[in-house]
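# Residue-level structural notes
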Amino acid sequence: MKFVIPGLLLSLLAWSIWRESQDRAIASGDLPELEVTRGWALETSCQECHSQSQSFAETGHALTLRPASDPVLRQLIQSLNTTPAAQRDSMQVSTEGRFPRVQHREGQHANDAELDWCFGSGRHARTWVGTLPDSDGATNLLEFRWTWYRDVDGFQVTPGQPTELDSGYYSHLGVLFDQPKARRCFGCHATHLPVDAGQIQVAKIQAGVTCQRCHGPREAHVQTGGSIQEHRWSGLSRDEQVARCAECHRHPEEQTPDSIHIGNPDIVRFQPVGLMQSECFQRSKMTCTSCHDPHQTMESQNSGGIWQCIQCHDGKQDDRPVCGSGQLDNCLSCHMPKVSMDRPVRFTDHWIRIPSEKPLP
Amino acid sequence: MTHRFPWTSFGVWLAACLLIAGSITAHGVRSDGLPTAMPSGLASSSWSVPGAQWVLIPPVIRNVLAVLGGAWAITALCRDLEVSRSWSLFPLLMGLSLLFQPGDGVAMVLLYLVARMGPKTESTTQDWQLAGIGVTAILMTLEFGLVLGAVLVKLCQPASNEVRPGVGRRLIFPSLWLAGVIGTAMVIPGFSWAAIRPVSWLWMRPAASMMPSLHPAWDSMQFTLPLVLVATTCIVHFRSERNVSRIVWMLILVGVAIQSQRYLFLGLCGLWLWLRPRTVTGCPTPGFGPLLVVCLILSGGYGIYGMGWATLLTGQTIVRSIDPTLWDSRGRVVLMNLDHSAHWSSPLAQERFELLLDDRWDSWGGALKGGSLSDYVAFCRDLREVRDLRYRRVDGTWGGYQSRMETWNPMLLVVDSSDHLSIRGLSLSPDWRIMGIDGQQTIFGRVGDPRNTIQIRHALDCLMTLEWPARLDQFTLDNTLVSGDSHEDQQVAGAMCSLRFPYAALRLARHDQQNHALRARCLLELAHRVASHSSTGSLLDQFRAVIVVQQSLSHRTLEPEIRKTMDRGLQALLDRTTPPLKPNPDELSRLRMAFLTGNSSEIQHLLIGLPPVQANYYQILVRSPGLPPDEIVVELKNAIPPLVGQVPDSTLSECHFYLGCAALESGRIEIAIPAFEESRQLAPNSPFRMIRELYLNQLRR
């Protein structure tokens, strides 16, 4: 008996010391923090078994982040040199080095920056960025002033950037984002983004929104030949499914209440925001994947077709009427029109509604 | 029979008081003599020490009484050494005194009383005395679990051979006692968790960053020195121990005690109280009296150092910490380091503020209201990394602090002043602004709350004025930037550097070896600032940054986190400002590159070929890492006039720019402004034109 209490204490002590050593191996706090390679499978592993991953590689999600050293991107940004805007702005792009370098010349001096990444698949636009470490080595981001737009097949000012320039060093080159915003930008365009004390580990970025971004780390699944089937998308609740998409495409909770109204064009680019206000959404069980198969390109699945609508509006039930004006082959032009932003980019308005509805008070 | 005054015991007690007072004041009070009665916002059930509600004594007096009581108990423990008047009691005395905190006082006294009770007698008096001690512990200390355990052990101890207590005394009385305790635990929420505090921390303690007091601090003198002192005494007095069970108990007690700073004192006291060493030598140390006098002198000196009596004697009041109750702020407070709870335990602070979570890990036992400990830890981490929007963690849970901010509605956020990463991160947050910095806490206020607005503006005004000292006569640092000694100066300056106010930080930090790492960080920040606003690096700022940072990185004592960020920052600076030279560069280009890369030998080689007036100027830049800014200003002022006509206007403009920077750093605005203006006149399109305009605009605001 006299050794029971000492024995218990000793066991408790040993366990506590072991737990302390585990805590030290964890990045911070008590949260589980997976290291770069722990739990993540090679993306190419998916293609061995899942045919969807082959078509997925061509989607906008998969191509949404590329190194600026990509030959196609290098050629594209170099074409900026011949545009009137660049000449007017004394902007010059050089692709002699591994990454393109942009330079704004003012008299005898030049302000320049290297652009090492490109955001956007090109379906709408491509925006180049340059990573700039600060005094702590944390990663800041320079968003280049000029973006290539598919609709005009040319360069115009990047969305959100000012038309009138101030006098900062980077003003003609673009806008400088601090580390939290840089992380946010990369976070939505990458599957895995290791960050160490504010420094983005660019060499370890899993660029693009790929399989594991939605389906979670799949190392165990791959290693067991598919036996482990955790975190299946089909097992998620409807709200969770939409929330997963809304992580990047924005959730209504992240908008100020007074900004969510049909008179505000700025929310059009945030598809889940509008969708969740729609009566279609609120009175059905639809999710984002009801109309979009993320494994295929938008072109291949006829994203602008009506097959999505007539899944419900088939005329067989009174509470799901067909078009009152007799249109049978072009639902989106009235109920989900494309809206132009301040730049030559158009987004489909996902706030599905009858066009005659007046704006909410 | 004459009774001599126990001078030896009095001397030991006095030494203990002085050591404890100096230690507490120097390192800050981490616990209250009678702990706070207010539960935290998230705690569902929390045991409140009844005495804290009844005893209407100000916290300062409570702490003083706890210190006096603790000193008495330490003295009594030292006196009880079988070999008294021995040199070995001094390490024990000093070690225990340096570890003592007011919150340990009551528990220590009661444990001592239990441990020193004699063997059982026929009378039940001892049983009632033990019961009284147990009840007192429940009413007056949070560590009553230790005392109750000691009482139970004493109750169950076999009596002496002359006494054969009846069944009642052997079984019934301890059983009644145990039943009373268990019954109370079932009726009063939080009692049982509070009772097992002395062991529950082993499995409940969060990471060291969140609650350092529940972890060992091997790199802290405050932890290791007293431990070494006590260990020395332990080795001397337990070396002849042969009883296996006692050895096992000793190892376990020591093993448990050294796992946390908080229980190190009580654990070591338990070791000495319960395993009284059976030493063999019996000769008192000769010269014990003079040894005691020396100990008193040293203790008095330490007490003066810790309490700052020298400053007190001059009539100055030492203010060491910010008092948020003087602000308009109200509401919930988030502590990123839960050990700061003691700073928010005053009655006025409890009236105005509610800690979302405090250091009462016993209140985490039940489910926390509206969340869990993991939620709180996650919330703090998201705040630190400014991850406001929702994001999915790799474990499938949702992160992002916005939703929690709406649920928990915190108004103030408190970060440890040494947590540079968090301070830097929060400085970039759109939701928090700095409100005050002292040697221990850096306090951020929530943006948008009108009660925080005035102090946020004032804090920014203070920092901007320290950074760009244009209007020194129009501001006060009171209750915004507070430090009590040189160590706290360093902490406050470090926080200011993390907030990107390097000039302000350099003004506060002394130019000496103790602040080497801080100075390196500030110079690195300055060099980055110039590089970010120009197409080249500053020979003055960058050369100093490179040299000083490299020197700092060579120090073994540099903290790993600071080493990492400094190394990365230096590499980023060099990558940005030192592209490969073109083929066949001229001498000046090579000289420039040598300065920017900190290549002192190359600089000296290239200076040989320059005219003396130019070489003299560049030599000032070479010496600049070791010179205080005042001297740099004087030397540059003397070196620049001879350069007129000898160097191009662009170079002369650069010289004036460096003079302006040095003058700005030393606070000599009357020199800085004309220097920048002269620089502008000589070369309006200088590479430094943008940073120069920034400096001038700030100095003229």
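Everything below is about the structure shown above.
Here's a quick rundown of the structure. Throughout this document, residue positions are counted from 1 along each chain, in the order its sequence is written. Going through the entries in the order they are written, you letter the chains from A and number the ligands from 1. It should be noted that, the model being predicted, local features are given only for residues of pLDDT at least 70 and side-chain atom pairs only at 80 or more, the latter also being counted only at that level, while totals for whole chains, interfaces and linings use all residues. The basis for every side-chain value is the complete set of non-hydrogen atoms in the structure, without hydrogens or water.

Note on conventions: DSSP H or I runs of at least 4 residues are helices, E runs of at least 2 residues are strands, and numbering of each starts at the N terminus. The helix and strand inventory of chain A stands at 12 helices and 15 strands. The classification of residues rests on relative accessible area computed with a 1.4 Å probe and restricted to protein chains. Under 20% of the type maximum is buried, over 50% is exposed, and intermediate values are partly exposed. The buried share of chain A, taken over its 361 residues, is 44%.

With that out of the way, let us pick up the interface of chain A and chain B. With 56 residues of chain A at the contact, the number on the chain B side is 53 residues. Accessible area that two parts lose when put together, with a 1.4 Å probe and added across both, is what the buried area reports. With both sides pooled, the region where chain A packs onto chain B buries about 5,100 Å², and carbon together with sulfur makes up 55% of that total. Any carboxyl oxygen of Asp or Glu within 4 Å of a side-chain nitrogen of Lys or Arg constitutes a salt bridge here. For the interface between chain A and chain B, the tally reads 7 salt bridges. The salt bridge partner of A:D136 is B:R424, with a shortest N-O separation of 3.9 Å. Nitrogen and oxygen atoms within 3.5 Å of one another constitute a polar contact, given that in protein one can donate a hydrogen and the other can accept it, and given that sequence-neighbouring residues count only through two side-chain atoms. Inspection of the region where chain A meets chain B yields 13 residue pairs in polar contact (both at pLDDT 80 or more). Elements represented by at least two residues in the side of chain A that touches chain B include exactly helix 1 (4-25), strand 4 (109-114), strand 6 (125-133), helix 6 (179-189), helix 7 (211-215) and helix 9 (238-249) of chain A. At 12 residues, the largest contribution of residues to the side of chain A that touches chain B is made by helix 1 of chain A. Split into classes, the residues belonging to the side of chain A that touches chain B amount to 23 nonpolar, 13 polar and 20 charged. Contacts: residue pairs with any heavy atoms within 4.5 Å of one another. Residues are grouped as follows: nonpolar covers Ala, Val, Leu, Ile, Met, Phe, Trp, Tyr, Cys and Pro; charged covers Asp, Glu, Lys and Arg; every other residue, Gly included, is treated as polar.

So, about the packing of aromatic side chains. Residue and element names in this part refer to chain A. Aromatic pairing here means that ring centres of Phe, Tyr or Trp (its six-membered ring) are within 6.5 Å. Orientation follows from the plane angle: under 30 degrees is stacked, over 60 is edge-to-face, and everything else is tilted. On inspection of all chains with the given rule, the structure shows 28 aromatic pairs over all chains. Considering the side-chain rings of W117 and F186, the 5.9 Å spacing of their centres and the 85° angle between planes classify their relative orientation as edge-to-face. In this pair, W117 is assigned in strand 5 (residues 117-119) and F186 in helix 6, connecting sequence segments 69 residues apart. The exposure class assigned to F186 is buried, which follows from its relative accessible area of 0%. For a ring to carry a charge above it, either NZ of a lysine or CZ of an arginine must fall within 6 Å of the ring centroid while also lying within 35 degrees of the normal to the ring plane. In this structure, R238 packs its charged tip against the face of F281, placed 3.9 Å from the ring centre.

Residue and element names in this part refer to chain B. Those residues of helix 29 (residues 629-639) not exposed but buried are P629, I632, V633, L636 and A639. All buried residues of helix 29 fall inside an arc of 140° around its axis, so they share one side. As for helix 29, its buried residues are in contact with helix 24 (539-553), helix 28 (612-623), helix 30 (649-666) and helix 31 (669-682). Along the arc lie the directions from the helix axis toward the C-beta atoms.

Let us now look at the pattern of salt bridges. All told, the structure shown has 40 salt bridges over all chains when counted by the stated rule. Taking the shortest distance from any N to any O, the salt bridge between B:R320 and B:D485 comes out at 2.7 Å. Of this pair, B:R320 sits in the loop between helix 15 (309-313) and strand 1 (331-335) while B:D485 sits in the loop between helix 20 (450-467) and helix 21 (486-498); the two residues are 165 residues apart in sequence, bridging distant segments of the chain. In this structure, a network of salt bridges that share partners links the residues A:D134, A:D136, B:R424, B:R500 and B:E525.

As a rule of thumb, nonpolar side chains are buried together in soluble globular proteins. Of all hydrophobic cores here, the largest spans 203 residues; its most connected members are B:Y376 and B:Y695. Excluding residues that lie within four positions of it along the chain, B:Y695 makes contacts with B:W468, B:Y503, B:R529, B:V530, B:F657, B:C661, B:L664 and B:F676. As used in this record, nonpolar core signifies buried Ala, Val, Leu, Ile, Met, Phe, Trp, Tyr and Cys residues forming a set joined through side-chain atoms within 4.5 Å. Core analysis: the second largest hydrophobic core is formed by 26 residues, A:A68, A:A86, A:W146 and A:L173 among them.

What follows concerns the packing of helix 24 of chain B against helix 25 (residues 560-577) of chain B. Two numbers describe a pair of packed helices, the interaxial angle and the distance between the axes. All names here are of chain B. At a minimum axis separation of 11 Å, helix 24 and helix 25 run at an interaxial angle of 150°. Where helix 24 crosses over helix 25, the two elements pack in a sense that is left-handed. Counted together, Q542, V546, V549, Q550, S552 and L553 of helix 24 and R563, M566, D567, L570, L573, L574 and T577 of helix 25 form the full contact between these two elements. Its residues placed into classes, the contact of helix 24 with helix 25 shows 7 nonpolar, 4 polar and 2 charged. Note on geometry: axes are C-alpha line fits, over the in-contact stretch for helices, and angles between N-to-C directions span 0 to 180 degrees. Whether a crossing is left-handed or right-handed is set by the direction in which the near helix is turned from the far one by less than a right angle, anticlockwise for left-handed and clockwise for right-handed.

Tracing the backbone through its elements, the reader meets B:L89 in helix 4 (residues 89-99). Along the primary structure B:L89 and B:T75 are separated by 14 residues, whereas in three dimensions their C-alpha atoms are 9.7 Å apart.

Residue and element names in this part refer to chain B. Following both chains from N to C, one finds helix 29 and helix 30 inclined at 150°, their axes separated by 8 Å at the closest point. With respect to each other, helix 29 and helix 30 are oriented roughly antiparallel. When the axes of helix 29 and helix 30 are compared, the crossing they make is left-handed. Here P629, D630, I632, V633, L636 and K637 of helix 29 lie close against helix 30, whose contacting residues are Y658, L659, A662, A663, E665 and S666. Angles below 35 degrees are treated as roughly parallel, those above 145 as roughly antiparallel, those between 65 and 115 as roughly perpendicular, and all remaining angles as oblique.

Turning our attention to a nonpolar patch on the surface. Residues and elements named next belong to chain B. Here a patch means residues that are over 30% exposed by relative accessible area and free of salt bridges, tied together within 9 Å if like-charged and within 5 Å if nonpolar (Val, Leu, Ile, Met, Phe, Trp, Tyr). Per-residue and other accessible areas were derived by the Shrake-Rupley procedure at a 1.4 Å probe size, with only the shown protein chains allowed to occlude residues. Together, V60, I61, V64, L65 and L68 make up an exposed nonpolar region whose accessible area comes to about 420 Å². Inspection of the secondary structure puts L65 in helix 3 (residues 59-79). You can call L65 partly exposed: its relative accessible area is 46%.

Attention now moves to the side chain of B:Q441. One can find B:Q441 in strand 7 (residues 441-446). Setting aside anything within four residues of it in sequence, one finds B:Q441 in contact with B:H340, B:H343, B:W344, B:V414, B:V415, B:S417 and B:G436.

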